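Examining the three-dimensional arrangement
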Amino acid sequence: MPYASFDRSVKIAPSILSADFANFGAECRAVESQGAPWVHVDVMDGHFVPNLTFGPATVKALRPHIKGVMDVHLMIAPVDAYLPAFAEAGADVISAHFEAGPHIHRTLQAIRGLGKKAGLCLNPGTGIDCVPHLLDTLDLINVMGVNPGFGGQKFIRSQLQKIRDLREMIGDRDIHIQIDGGVAPDTIAEIAAAGADVFVAGSAVFSGGSVDKPEVYGENIRKLVAAAAG
Ligand code: DX5
Ligand code: ZN
């Protein structure tokens, strides 16, 4: 079911950036059937990040293939004009980057105003000074573990302290900490210990599998969950 209630358990969110782009529907069904509660959908504009993926029409086409949470990560600047289209496409969570416009508070309010969970994305070089001022407009903070644009990059370890600091700032508020980029069996334990609860994983989930071999996705997901427990 789409986003239902808040909890801080470990949730693996496969990023379809590492899926077969000619087979998105089947790929989403495959990772869900193998235990993924969220599916992470990366939208890139070729301007804010040096890569292009797809827009709201594709996201809308994916919706019927995702029974769980559809988590849409917008790497678009300026982003505000596109928010209604992604809401209409059926996103449950919409996340925008701190740098995606001049008024991040307004952007987050607009996402909530569209009836969606609002996420703030922080690039590896972006600080957290803004967060205390945004806590009342936030449902998720996406800490980028790599510079956005591509899958399969190495985790930037300085983000661990950022996660610890955010976890403290959030206290008992219902705000997810998501880590996006570089999540793998050898990095996830430290990231989980730092305080993240949603783990986006592209290459670590999709490598070695396919829609004809979905059990590999399942093994990859279980490996991550087990490693997260430390
Ligand atoms: C990067 C994207 C990520 C990416 C992660 O810009 O936002 O979601 O797919 O890929 P991995 O898990 O391979 O680092
Ligand atoms: Zn992402």
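Look a little higher up for the structure.
Attention in this report is confined to the structure presented alongside it.

Thresholds, definitions, all that
Residues numbered from 1 in each chain as written. Chains lettered and ligands numbered in written order. Predicted model: local features only at pLDDT ≥ 70, side-chain atom pairs only at ≥ 80, totals over all residues. Heavy atoms only, no water. Near = heavy atom within 4 Å. Polar contact = N/O pair within 3.5 Å; in protein donor to acceptor, adjacent residues only side chain to side chain. Areas by Shrake-Rupley, 256 points an atom, 1.4 Å probe, with all protein chains shown as cover. Helix = DSSP H or I, 4+ residues; strand = E, 2+ residues; numbered from the N terminus. Nonpolar A, V, L, I, M, F, W, Y, C, P; charged D, E, K, R; others polar. Donors = N, O, S within 2.8 Å, 3.2 Å for Na, K, Ca; no water. Tetrahedral: all angles 85-135°; square planar, octahedral: opposite > 155°, others 65-115°. Buried < 20%, exposed > 50% of the residue type's maximum accessible area, 1.4 Å probe, protein only. Contact = heavy atoms within 4.5 Å. Pairing = 2+ DSSP bridges. Axes fitted to C-alpha atoms, helices over the stretch in contact; angles between N-to-C directions.

This brings us to the site of ligand 1. What surrounds ligand 1 is a group of 20 residues, the closest being Asp42, Gly149, Asp180, Gly202 and Ser203. At a separation of 2.8 Å, an oxygen atom of ligand 1 approaches a polar side-chain atom of Ser15. The separation between an oxygen atom of ligand 1 and a polar side-chain atom of Asp180 is 2.6 Å. Contact with the protein chains hides 100% of the accessible area of ligand 1, taken as 380 Å² for the molecule alone. Those elements that place two or more of their residues in the shell around ligand 1 are β2 (38-44), β3 (69-75) and β8 (198-201). With 3 residues, the single largest contributor to the shell around ligand 1 is β2. A breakdown of the residues in the shell around ligand 1 according to their chemical character gives 8 nonpolar, 10 polar and 2 charged.

In this structure, Glu190 sits in helix α7 (residues 188-194). Residues Glu190 and Met75 lie 115 residues apart in sequence; the distance between their C-alpha atoms is 26 Å.

On to the coordination of the zinc ion (ligand 2). Only His40 (NE2), Asp42 (OD), His73 (ND1) and Asp180 (OD) from the protein coordinate the zinc ion (ligand 2), and they sit 2.1 to 2.3 Å from it. What the 6 donor atoms of the zinc ion (ligand 2) show is an angle range of 68 to 173° at the metal, which sorts the shape as octahedral. All donors to the zinc ion (ligand 2) come from one chain, and their sequence spacing reads H-x1-D-x30-H-x106-D. A single burial state applies to His40 and to Asp42, both of which are buried.

It is worth spelling out the side chain of Asn220 at this point. Tracing the sequence through the fold places Asn220 in helix α9 (residues 214-228). The buried category is assigned to Asn220, whose relative accessible area is 9%. If sequence neighbours within four positions are ignored, Asn220 has contacts with Ala204, Val205, Phe206 and Ser207.

Within a sheet, each strand pairs with its neighbour through backbone hydrogen bonds, oriented either parallel or antiparallel. Overall, parallel pairing links the 8 strands, which are arranged β1-β8-β7-β6-β5-β4-β3-β2 in an open sheet. The open sheet is flanked by β1 (11-14) and β2, the only strands paired with a single partner. If you compare each strand with its neighbour and ignore which way they point, the axes differ by 25° on average. Bridge count between strand β4 (residues 93-97) and strand β5 (residues 117-122): 5 bridges; the pairing is parallel. What sits directly across from His97, in β5, is Cys121. Sheet contacts for helix α6 (residues 159-170): β5, β6 (140-144) and β7 (176-180); angle to β6, the most-contacted strand, approximately 165°.

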